[in-house]
Amino acid sequence: MSVNQTSHLKAVPKNYSAAPSIDKLAAYIHVNRLGLQINQQTIFEPLTLPVYTNHINALIGPSGCGKSSLLNTIIRLTDYEKNTRIDGSVFVDKQNIFHKNTDLIELRKKVGMIFQKPVPFPMSIRKNFELPLKEHGIKHKSDIEAHMETALKAVGLWQEVADRLNHSASMLSGGQQQRLCIARVLALKPKALLLDEPCSALDPIASRIIEELLQELKTQYTILIVTHNLSQARRIADYVAFMWYHDKHGKLIEHNRADVIFENPSNPITAAYVQGLTD
Amino acid sequence: MIKLPAKQQMADLLLKITSWFCGLLIIFFFAYLLFDILLHGLPRISLEYLFSQPLKAGREGGIAPMLLSTLLLLALCLLIALPIGIASAIYLAEYTNESQWFARFIQRSLNVLASVPSIVMGLFGYAFFVIALQLGFSILAGALTLACMVLPLLIRSIEDSLRNIPDIHRLNARALGLSDTRMLFQVLLPLAAQGILLAVILSVGRAMAETAALLYTSGYVTRMPESVMDSGRSLSVHIFDLSMNVPGGEQSAYASAFVLMLLLLIINLFSNRLSSVIQNRSTR
């Protein structure tokens, strides 16, 4: 990660990446005036949010402001909810995901999602890879093994589990399970990763490992992470989108480079939130 | 210890004794039943008893045809009920929720079906399978009737075990791009395997003990069944017939009861072992 060592206040011991300004970048995922209603209740108001390629994009804001719902909408997990109304569009790799010809299996191969609870299928580690890989057409045993090994190595788990691939994934520690979940997604060779508070169920050491992992992964993947942990966002995010709620529904308040959001936000709500003055 | 007033101490003691006595009573009934059956049944039990034809209406000889009929009935009953049961449970657990009238209607129907007395079920089986579908008194008609009887139990337990699977696994499966079919067959059903097996065991127990429903449907001839279209007498019907209609058949009835109980016991013991094996196999 390239860092800018010069322009910082003493009080903030954070080296932000020298991220370019926001309108010059390629965005693998482009959320375009997307609004979501469930049961006639607005979850979030129409918002536009480019998710920049090969950067860590963080989504911060209080609980209930629609951050997780936004992630779910991007891979159309909202399809399984009843009475949803979606306005606007989401472009993934320049394709509108709401187009009627969208192949959901293909979409979910391109954009992987990692949930808050680190829960692999309570099956063997091998089976956890086998199921999704087979679905996506990788059927040969040797191919599956190769994909699995590469992915486990990418998350630094290979050394730890290589000799017990037939053991249940539930035997692993929380941090290991979350890395397994990430590896399981990586094995499908996605282009983007959506992470919904991936560290909130983990201890600080395990969280650090995941954070370092994300820093490495961003060179190859587009990352959108929801986090409640502001210091985590400070540590790893290149770009930050801040959501807030009013009238019981979510709204995008501000989106900018991480240093701008944390040091010099333009909206007073953002300023209060990042200083910890609101909850 | 806090010293309580004498009156309260008395009450506590009384409660203790009463509950202890009730516990003892249950053990006593079970032990008496077991002892009674063993005492009267065991002298008749031998390999020959298990594998030979009954003589003199069952007073002498063995129970080979009844054993075969019972096993055929059970196998056929499961063969019919299990696919329907699993499919309905999947529909109820995965595709419906309480708010849909159709799902509620199915649930209600299951509740009613579950509480239909077996004699009524038997009459239904007779009217529908034996007469209307012209299956005659046959093992097939009996198995179909038994299947109707165990279906509510089967569907309910399988539905429960599917509903008990945490939603996060469905979410993960979908987010990984798994098709609904693969999710169902390779994630949800393996995770529910233990529950399904338990449901099967309960159903087998229920079906094996069933008498009334079979009297009218699979009949009670004592010869060896030649096919599933042939009439056959189940062990429970055999016990009923020996004790009610055959003077001097008591000892043989006891022996058959012993065999029936032994079968149930074996199935129950095996089920524990089997369920852990299934769980391991299906998730490895």
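Attention here is on the structure that accompanies the text. Within any chain, residue numbers begin from 1 and follow the written order of that chain's sequence. Lettering of chains starts at A and numbering of ligands starts at 1, both following the order in which they are written. It should be noted that, the model being predicted, local features are given only for residues of pLDDT at least 70 and side-chain atom pairs only at 80 or more, the latter also being counted only at that level, while totals for whole chains, interfaces and linings use all residues.

Comment: elements are numbered from the N terminus, with helices defined as DSSP H or I runs of at least four residues and strands as E runs of at least two. Secondary structure assignment for chain B yields 11 helices and 2 strands. Reading the secondary structure of chain B in the N-to-C direction produces α-α-β-β-α-α-α-α-α-α-α-α-α. Viewed in the frame of its principal axes, chain B has a C-alpha envelope of about 75 × 65 × 40 Å. With C-beta atoms placed from the backbone, a residue is labelled by how many other C-beta atoms lie within 10 Å of its own: buried for 20 or more, exposed for 12 or fewer, partly exposed between the two. Of all 284 residues assigned to chain B, the portion counted as buried reaches 37%. The contact criterion used is a C-beta to C-beta distance within 7 Å, with each C-beta placed from the backbone. Across chain B, every contact between residues at least 6 apart in sequence was considered, and the portion connecting residues at least 24 apart equals 75%.

Here we come to the environment of Q232(A). Residues and elements named next belong to chain A. Positionally, Q232 belongs in helix α8 (residues 230–236). For the pair formed by Q232 and S207, sequence separation is 25 residues and the distance between their alpha carbons is 9.0 Å. Excluding residues within four positions of it along the chain, Q232 makes contact with C199, E211 and T227.

A few words now on helix α8 (residues 180–209) of chain B. In a helix, the anticipated span is given by 1.5 Å times the number of residues less one. The terminal C-alpha atoms of α8(B), which comprises 30 residues, lie only 38 Å apart, well short of the 44 Å expected from a rise of 1.5 Å per residue. At A193(B), α8(B) is bent by approximately 55°, the largest bend along its length. Bend at a residue means the angle formed by two fitted axes: the first through the 7 residues ending at that position, the second through the 7 residues beginning there.

Residues and elements named next belong to chain A. Between helix α6 (residues 174–186) and helix α7 (residues 204–217), the least distance of the axes is 9 Å, while the angle of their chain directions is 20°. In this view, α6 runs roughly parallel relative to α7, as classed from their interaxial angle. You can see that α6 and α7 cross each other, and the crossing is right-handed. On α7, the residues that touch G174, G175, Q178, R179 and I182 of α6 are A206, I209, I210 and L213. Any residue that is not Ala, Val, Leu, Ile, Met, Phe, Trp, Tyr, Cys, Pro, Asp, Glu, Lys or Arg is counted as polar, Gly included; the first ten are nonpolar and the last four charged. Broken down by class, the residue content of the contact of α6 with α7 amounts to 5 nonpolar, 3 polar and 1 charged. Each axis is a line fitted through C-alpha atoms, and for a helix only the stretch in contact is used; angles between axes span 0 to 180 degrees, taken between their N-to-C directions. Angle categories: roughly parallel below 35 degrees, roughly antiparallel above 145, roughly perpendicular from 65 to 115, and oblique for all the rest. Each helix crossing is assigned a hand: it is left-handed if the near helix lies turned anticlockwise from the far helix by less than a right angle, otherwise right-handed if that turn is clockwise.

Another aspect to go through is the interface of chain A and chain B. When the parts of a complex come together, some accessible area is lost, and that lost area is often taken as the interface size. Contacts between chain A and chain B engage 20 residues on the former and 16 residues on the latter. Looking at the side of chain A that touches chain B, the elements with two or more residues in it are α2 (104–110) and α3 (125–135) of chain A. Looking at side-chain class alone, the side of chain A that touches chain B contains 11 nonpolar, 3 polar and 6 charged residues.

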